[in-house]
Amino acid sequence: MVSKGQGKTMGSYFMLLNALAEDGRLEEAKELWSKIFSENLEGTPLIFFDKIISIYHSKDMHRKMFEVFADMEELGIRPNNSIVAMIGDAFKELGMLDKYEKLVKKYPPQIWEYRYVKGKRVRVRTEYVKEPVNLIVSEPNM
């Protein structure tokens, strides 16, 4: 796609990364991630970190997830709620509850996030719920 004159924009890289992950070509996705990350070290968008961590999370590749997360922390990039949840799930699966508690303490759920609506940056409340809500309502006996 890139060699055919489509351009080397972040959008095309993200689409290609997404397509490789959906097609199950994990080795190629890892290579593309390495290329993107090494070329744009400090300019890599958060959605790329979110995507590669979700790919590794779905394949249960916890060590790779932790490496990407460590890179984020070294660069000073604050993870969003979904990244913290995926890393937290990995800590829980591996039985590292002490590290999970440190993670949740260091990165509490964000209340606000910024989205772009018609080209303008808008601050909106996040829809993150800390604990799952029990929606089963018991009916009174009549």
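Residues numbered from 1 in each chain as written. Predicted model: local features only at pLDDT ≥ 70, side-chain atom pairs only at ≥ 80, totals over all residues. Heavy atoms only, no water.

(A) Representation of the overall build of the protein in the model. What the protein contains, in helices and strands, is 7 helices and 2 strands. Secondary structure elements in the protein, listed N-terminal to C-terminal, are α-α-α-α-α-α-α-β-β. Put simply, the protein has 142 residues, and 29% of those count as buried. A sequence separation of at least 24 residues applies to 49% of the contacts in the protein between residues at least 6 apart. (Helix = DSSP H or I, 4+ residues; strand = E, 2+ residues; numbered from the N terminus. Buried < 20%, exposed > 50% of the residue type's maximum accessible area, 1.4 Å probe, protein only. Contact = heavy atoms within 4.5 Å.)

(B) View of the packing of aromatic side chains. Using the criterion set out here, one finds 6 aromatic pairs in the structure. Between the aromatic rings of Trp-33 and Phe-37, the centroid separation amounts to 5.4 Å while the plane-to-plane angle is 20°, which identifies the pairing as stacked. Of this pair, Trp-33 and Phe-37 both sit in helix 3 (residues 26-39), 4 residues apart, roughly one helical turn. Per residue, the accessibility class of Trp-33 equals that of Phe-37, and both read buried. Cation over ring: Arg-125 sits above Trp-112, and NZ or CZ is 4.9 Å from the ring centre. (Phe/Tyr/Trp six-rings, centres within 6.5 Å; stacked < 30°, edge-to-face > 60°. Lys NZ or Arg CZ within 6 Å of the ring centre and 35° of its normal.)

(C) Examining the confidence of the model for the protein more closely. Taken as a whole, the protein shows an average pLDDT of 84; of its residues, 84% reach a score of 70 or greater. Contacts for the low-pLDDT stretch residues 131-140, under 50 throughout, to residues beyond four places or in other chains number 0 contacts. (pLDDT = per-residue confidence, 0-100.)

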